[in-house]
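# Analysis of the macromolecular model
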Amino acid sequence: MIYNHDMDGNVKISWNDFDFLVNNRLTERITYKGLEFDTILGIGRGGLIAATALSYKLDIKNLQNFGLNTRHSDQVVLYQKPNVFGKVLVVDDINDSGRTFTIAKKYLDENYSEIDSVKYASLILRNKTSFRHEILYGNEFFIDNWFTFPWDK
């Protein structure tokens, strides 16, 4: 798979790339491992897009927003508390530093005793991430370039 770069050196993920990462990578890895989920949590906003696509591919109807913002502040903002149970898949567009998944894991561990298991998935996994706990990913990158997705401005 060949990714394009913009004039600033950012890696551009196209809609075709997105489809490949969801359909040919994440869905296949989940199916191959025999994983089943009761709930998909999409980390809003970019993770919701990937989570929605996965919910259709895996026929999981309990899709929810995990409105968690960790990017632009030292303070974590929770916009929406999900209603989860059973086997949970938490999805984001990129596992960059690992901070968002680390905070999500801590929050779920502390607030949901009715969860049987949690796995994490991202379209892109940066090899320098600090979060590798139960992670599924579409593609791993060993570069420091910024990634732009089709839904980014």
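Throughout, a residue's number is its position along its own chain's written sequence, starting from 1. With the structure being a predicted model, the display of local features is reserved for residues of pLDDT at least 70 and the display and counting of side-chain atom pairs for 80 or more, all residues being used for whole-chain, interface and lining totals. The side-chain numbers reported here are obtained from all heavy atoms of the structure, hydrogens and water having been left aside.

### Some remarks on helix H3 (residues 99-111)
Strands here are runs of E lasting at least two residues and helices are runs of H or I lasting at least four, both read from the DSSP assignment and numbered beginning at the N terminus. Helix span, expected: 1.5 Å multiplied by one less than the number of residues in the helix. The end-to-end C-alpha distance of H3, which contains 13 residues, comes to 18 Å, matching closely the 18 Å that a straight helix rising 1.5 Å per residue would cover. Accessible area is worked out with a 1.4 Å probe on protein chains only. A residue is then buried under 20% of its type maximum, exposed over 50%, and partly exposed in between. Among the residues of H3, those classed as buried are Thr100, Phe101, Ala104, Tyr107 and Leu108. Buried residues in H3, looked at end-on, bunch into an arc of 125°, giving them a common side. Residues of H3 that are exposed and point more than 90 degrees away from the buried face comprise Lys106, Asp109 and Glu110. By arc we mean the arc of the directions from the helix axis to the C-beta atoms, nothing more.

### Notes on the environment of Val118
Here Val118 is to be found in strand E7 (residues 115-126). When the C-alpha positions of Val118 and Tyr107 are compared, they lie 12 Å apart, and in sequence the two are 11 residues distant. When neighbours within four sequence positions are excluded, Val118 is seen to be in contact with Val88, Val90, Leu108 and Glu134. Every residue pair with non-hydrogen atoms within 4.5 Å of one another is taken to be in contact.

### Topic: the environment of Ile49
Secondary-structure assignment places Ile49 in helix H2 (residues 46-58). We classify Ile49 as partly exposed; its relative accessible area is 28%. Along the sequence, Ile49 and Asp92 sit 43 residues apart, while their C-alpha atoms lie 8.5 Å from each other. Leave out the neighbours within four places in its chain, and Ile49 touches Trp15, Phe18 and Trp151.

### Considerations on the nonpolar core
In this structure, Ile13, Leu54, Leu89, Val91, Leu123, Ile124 and Phe147 are the most contacted members of the largest nonpolar core, which totals 25 residues. Breaking this core down by element, the ones donating at least two residues are helix H1 (15-32), H2, strand E6 (86-95), E7 and strand E8 (135-141). Residue contacts for Phe147: discarding those within four places in its chain leaves Val11, Ile13, Ile94, Ile124, Arg126, Phe141 and Asp152. To qualify as a nonpolar core, a set must consist of buried Ala, Val, Leu, Ile, Met, Phe, Trp, Tyr and Cys residues joined through side-chain atoms within 4.5 Å. Membership of the second largest hydrophobic core comes to 18 residues, among which are Leu68, Phe101, Ala104 and Val118.

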